[in-house]
Amino acid sequence: MKDKDQYLGLVIGLIRFGIVGLAFLTPLFFLPITSEFYQFNKQVLLVVVTAVLLVIWGVRMGIEGKVRIVRTPLDIPMLIFGLAFILATVFSVDRYISIAGFYPRFHGSLVSALAYVVLYFVAVSNLDGQSRKWLVWAFLGSGVVLAIQAITSFFGYPLFSADYAKGRAWSPIGNPATLSLYLALVLPIVLGLIVTTKNRSLQTIYVATAIVIVMPIVLFKLTGAILATLAGLAVVGLFLPKVRIDKETKTMLAVFGVVVIAFAVINFIPGLRQTFLEPLLAKKQTFNVAADKTLPLDSAWRISTQAVGQRPFFGVGPGTFAYSFTAMKGLELNSDSLWNLRFDLAGNEYLTVLSSLGIVGLVAFAFILVSFLRSVSIFNLRSGTITENPTSVFLLASFVVLLVGIFFQDTTASIWIFLVLLAALTYSYLKDSGVKGVEAVDVKFVALTAGAVQFAQPSERNRDSSIGTAVTIVGVIFFLGILWLGYPTYQAETTYFKALKASAKDKAAETRDNLLVAIKKNPNRDTYRRSLVVLDRLLATNLSRKEKKSDQDNKNIAGLVNESIQQGVVITGYQGQGLNSFSIKREAGTSPLNVANWEALSGVLSSLDLEGDLKNKNAADAINVAQQAVALDPKNPLLLEALGNILLKNNLVDNAIQAYEQAINVRPRYASAHYNLATALRQKGDNPTRVVFELQNTQSLLPSNSPDKDRIAKELKEAQDKVKQATAAAAPKTTPPPIKTTK
């Protein structure tokens, strides 16, 4: 019995250590050995740790001989949310992307969603008072490390010497937006420690910690994070009058408030910033750091509502917002700052969920948020506990930060893990506080006629180790499945990163070899195949430029072109059947809604110079592929121009003119489209005046330092001369009357 208790204590300790370790490590964890250092590796960490925790939890059940869980008001919402993800994946427009995630953002996939759900149930049923403290310290520790690193990098003193870590906005959590929101989430918890701690030395440390955590939020000046922080502070201010706080603690809070306000004033007023902060920069440069571009809210709303209008119940599928963006973006996104960007997220978590999971998914997500908000709000309003122990007030404040913050940005693995563990911590605390509806129960499996599952009050009787054994077996199978599928996927990512590094060093052969290995390891990821399409085309083009080509060179060119086309056919599924006629054949790696795949194949086909029947077939294929790219991204001026170029190359001048005109319609300030339209009009030869007009537009839109300025000016002069010649030639020729003279 003693040995059994020792084993049980060890198992419980491992579970709690895993939960706390995941909370601390996730925001800080990254590995520079994959093509995407941050989100991919955080996602791998989440899935692996969650699978291990599930196995260990099953072992605990086996030792205890019972399945004991903590029932909470969040159980059903979490299960519904997981079910919504499963159904949205089943009906997804791209199931592989929905399961594994959109490259390079793997968060938001079915795998990640199920991991969050499992993590919640493991955590809420295994946390106790001591492990809750550890969890709070884990949040605090990761927040402090992130804040210190962000401050030093911002001022030009990076803590890491690696090239990728030298940017002023670099952070192991991913980007300034995620960093700022994460720190805003941690801040209320630190304030809670200030209020609940009686040790003055610790209070002083916590005040200093809170100030450090706020500084990056102020420095990066991201509206969403600042508003979320203020919302959390407002919640604290709302409930703080109910809390019994001694004079010294009030002084500590006042010091925090004064320092933060003073720092914010200095940072936001240019004169003060120039005097006090800019001299701290390691070298003279612009003080503010440019934020990552995000999709404007009105555009995100329009795209998401159009997507859900077409697929209302389950959306287009997890991880597929990029497809909605290209198909439904508005002309306002062709402005100078956004026109050549593609967004794979809405920039608003609620709209991303709406587009990806549909109305069902959004309702399920709202169900989670409302259930949590209701539970904690009712407790804070009705319980007298907060007078002496206001922990729940600060947990609510942190949750409100999340509610507001994700209105201005999308979540990441770090944010979702924080949310899940915050919920588990909160309900564990409410259980110990005796809140009705939050309680530990034993799960019993009974006959189907009796409901299959029954919940009973915790009891040490009726022990049945077979239940725990069954859960352990399920967990082990789940874990082994992750290893079986996940290990080759991870190998493919590391190999792809090797290919990218080789490409940066102009090592073409090494790049190609690594791409082939990556494709073999994970044939389902279209990114690897698309990279090979582009590389093969580049290699073939370079070889074809040799003045004296050997027979082997010609064979290599043919091999590279064929491989490029084959891979392009795989990723698009294109099966040509003549001009304006084709079908889609799906296989591993096919992603026909990804416009980048059609662009890549179009680039190969349009670059070929063939003769005879091959030329005619290639022309039909090139036109079909380019038209499909336009169909997937109809307001993209680059694709419309590329289609025009292909049509013009095949002497379809009128069609080319229409394509160029469409490119100009969607982006009037696109100089290249104006120039190509002038070229097509000149080739047609019936409107020299319009040729002049388009060349004038081209000239006016070119930047002042453009190397094409002189060439365009020369062509414009020639076109104007032709107009003058044509005008003179068309003028009526009349003989002047004779002059009469008198003698």
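Our subject is the structure listed above.
**Quick word on the overall build of the protein chain**
Part 1 of the argument: Helix and strand counts for the protein chain come out as 27 helices and five strands.
Part 2 of the argument: The principal-axis extents of the C-alpha atoms in the protein chain amount to approximately 135 × 65 × 50 Å.
Part 3 of the argument: Split into buried and exposed, the 743 residues of the protein chain put 51% on the buried side.
Part 4 of the argument: In the protein chain, of all internal contacts separated by at least 6 residues, the share reaching a separation of at least 24 is 72%.
Part 5 of the argument: In the form shown here, the protein chain has an accessible surface area of approximately 34800 Å², with 62% of it arising from carbon and sulfur atoms.
Part 6 of the argument: Both charge centroids of the protein chain, one from 72 positive and one from 51 negative side chains, sit 4 Å from each other.

**Re the nonpolar core**
Part 1 of the argument: Formed by 137 residues in total, the largest nonpolar core has its most connected members in Tyr-120, Leu-135, Phe-139, Phe-256 and Leu-421.
Part 2 of the argument: Per element, the largest residue contribution to this core is 15 residues, and it comes from helix α16 (residues 413-432).
Part 3 of the argument: The contact partners of Phe-256, leaving out residues within four places of it in the chain, are Leu-187, Leu-191, Val-207, Ala-210, Ile-211 and Val-214.
Part 4 of the argument: One finds Leu-601, Leu-605, Ala-629 and Ile-664 within the second-largest nonpolar core, a separate group that totals 44 residues.

**Re helix α27 (residues 709-730)**
Part 1 of the argument: When the terminal C-alpha atoms of α27 are compared, their 31 Å separation across 22 residues agrees well with the 32 Å that a helix rising 1.5 Å per residue should span.
Part 2 of the argument: Turning to α27, the residues buried within the fold contact α25 (671-684) and α26 (688-701).

**A closer look at the environment of His-674**
Part 1 of the argument: Residue position: His-674 is located in helix α25.
Part 2 of the argument: We classify His-674 as buried; its relative accessible area is 5%.
Part 3 of the argument: Note: C-alpha distance between His-674 and Glu-694 (20 residues apart in sequence) is 5.4 Å.
Part 4 of the argument: For His-674, the side chain forms a polar contact with the main-chain oxygen of Pro-668, separated by 2.8 Å.

**Some remarks on unusual backbone geometry**
Part 1 of the argument: The backbone phi angle of Lys-221 is positive, close to 55°, even though this residue is not glycine.
Part 2 of the argument: For Lys-221, the location among the structural elements is in the loop between α8 (200-220) and α9 (223-239).
Part 3 of the argument: Given the relative accessible area of 23%, Lys-221 is considered partly exposed.
Part 4 of the argument: The phi dihedral of Asp-506 falls on the positive side, at around 60°, and the residue is not glycine.
Part 5 of the argument: With respect to the helices and strands, Asp-506 occurs in the loop between α17 (465-504) and α18 (508-521).

**Brief notes about the packing of aromatic side chains**
Part 1 of the argument: With the rule as written, the count across this model stands at 38 aromatic pairs.
Part 2 of the argument: For the pair Phe-40 and Tyr-490, a centre-to-centre distance of 5.5 Å together with 20° between the ring planes defines the contact as stacked. You can see Phe-40 sitting in helix α2 (residues 39-64) and its partner Tyr-490 sitting in helix α17, a full 450 residues away along the chain. For the pair formed by Phe-40 and Tyr-490, the shared burial category is buried.
Part 3 of the argument: With centroids separated by 5.8 Å and ring planes inclined at 85°, the aromatic side chains of Tyr-103 and Phe-106 adopt a geometry described as edge-to-face.
Part 4 of the argument: Overall, the relative accessible area of 16% leaves Tyr-103 in the buried class.
Part 5 of the argument: The residue whose ring lies beneath Arg-168 is Phe-154, and the NZ or CZ to ring-centre distance is 4.7 Å.
Part 6 of the argument: Lying across the ring of Phe-268, Lys-221 places its NZ or CZ 5.3 Å from the centre.

**Thoughts on a nonpolar patch on the surface**
Part 1 of the argument: A cluster of nonpolar side chains, contributed by Leu-227, Leu-230, Leu-233, Leu-297, Phe-407 and Phe-408, occupies part of the molecular surface with about 490 Å² of accessible area.
Part 2 of the argument: The element contributing the most residues to the nonpolar patch is α9, with three residues.
Part 3 of the argument: Relative to the helices and strands, Phe-407 is located in the loop between α15 (391-405) and α16.
Part 4 of the argument: The exposure class of Phe-407 is partly exposed, given its relative accessible area of 38%.

**Structural notes on the packing of helix α7 (residues 176-196) against α9**
Part 1 of the argument: Axis separation between α7 and α9 bottoms out at 9 Å; the angle between their running directions is 15°. When the interaxial angle is binned, α7 and α9 end up roughly parallel. In this structure, α7 meets α9 at a crossing whose hand is right-handed. Taking contact as the criterion, the partners of Ser-180, Leu-181, Ala-184, Leu-187 and Leu-191 in α7 are, on α9, Ala-225, Thr-229 and Leu-233.
Part 2 of the argument: Split into classes, the residues belonging to the contact of α7 with α9 amount to six nonpolar, two polar and no charged.

**Some remarks on the pattern of salt bridges**
Part 1 of the argument: This structure, assessed with the given rule, holds 29 salt bridges.
Part 2 of the argument: A salt bridge links Asp-432 to Arg-132, with the shortest nitrogen-to-oxygen separation between them at 2.8 Å. In this pair, Asp-432 is assigned in helix α16 and Arg-132 in helix α6 (residues 129-154), connecting sequence segments 300 residues apart.
Part 3 of the argument: Salt-bridge contacts for Asp-721 lead to Lys-717; the nearest nitrogen and oxygen are separated by 3.0 Å. Pair noted here: Asp-721 and Lys-717 are both in helix α27, with a separation of four residues, about one helical turn.
Part 4 of the argument: What you see here is one network of salt bridges that share partners, running through Lys-329, Arg-342, Glu-599 and Asp-633.

**Some points on the side chain of Gln-149**
Part 1 of the argument: Inspection of the secondary structure puts Gln-149 in helix α6.
Part 2 of the argument: We classify Gln-149 as buried; its relative accessible area is 2%.

**Details of a positive patch on the surface**
Part 1 of the argument: Taken together, the side chains of Lys-498, Lys-501, Lys-505 and Lys-507 define a basic patch exposed on the protein surface.
Part 2 of the argument: In this structure, Lys-501 sits in helix α17.
Part 3 of the argument: Look at Lys-501 and you get partly exposed, because its relative accessible area is 43%.

**Here's the deal with the packing of helix α14 (residues 349-382) against α16**
Part 1 of the argument: Two elements in contact, α14 and α16, have axes separated by 11 Å at closest approach and are oriented at 25°. Between α14 and α16, the angle is such that the two are roughly parallel. Here α14 runs over α16; the crossing is left-handed. Listed contacts from α16 to Glu-349, Phe-365, Ser-371, Phe-372, Ser-375, Val-376 and Phe-379 of α14 are Trp-416, Leu-422, Ala-423, Thr-426, Tyr-427, Tyr-429 and Leu-430.
Part 2 of the argument: Across the contact of α14 with α16, the residue classes break down as 10 nonpolar, three polar and one charged.

**Observations regarding the side chain of Ser-98**
Part 1 of the argument: Relative to the helices and strands, Ser-98 resides in helix α4 (residues 95-100).
Part 2 of the argument: With a relative accessible area of 0%, Ser-98 lands in the buried category.

**Remarks on the environment of Val-370**
Part 1 of the argument: Mapping Val-370 onto the fold places it in helix α14.
Part 2 of the argument: Among the residues examined, Val-370 registers a relative accessible area of 53% and is labelled exposed.

What counts, and where the lines are drawn
- Residues numbered from 1 in each chain as written.
- Predicted model: local features only at pLDDT ≥ 70, side-chain atom pairs only at ≥ 80, totals over all residues.
- Heavy atoms only, no water.
- Helix = DSSP H or I, 4+ residues; strand = E, 2+ residues; numbered from the N terminus.
- Buried < 20%, exposed > 50% of the residue type's maximum accessible area, 1.4 Å probe, protein only.
- Contact = heavy atoms within 4.5 Å.
- Areas by Shrake-Rupley, 256 points an atom, 1.4 Å probe, with all protein chains shown as cover.
- Lys, Arg positive; Asp, Glu negative; His and termini not counted.
- Charge placed at Lys NZ, Arg CZ, Asp CG, Glu CD.
- Core = buried A, V, L, I, M, F, W, Y, C linked by side-chain atoms within 4.5 Å.
- Expected span 1.5 Å × (residues − 1).
- Polar contact = N/O pair within 3.5 Å; in protein donor to acceptor, adjacent residues only side chain to side chain.
- Phe/Tyr/Trp six-rings, centres within 6.5 Å; stacked < 30°, edge-to-face > 60°.
- Lys NZ or Arg CZ within 6 Å of the ring centre and 35° of its normal.
- Patch = residues over 30% accessible without salt bridge, like charges linked within 9 Å, V, L, I, M, F, W, Y side chains within 5 Å.
- Salt bridge = Lys/Arg side-chain N within 4 Å of Asp/Glu carboxyl O.
- Axes fitted to C-alpha atoms, helices over the stretch in contact; angles between N-to-C directions.
- Parallel < 35°, antiparallel > 145°, perpendicular 65-115°, else oblique.
- Left-handed = near helix turned anticlockwise from the far one by under 90°.
- Nonpolar A, V, L, I, M, F, W, Y, C, P; charged D, E, K, R; others polar.

In short, shape yes, function no, at least from these values alone.
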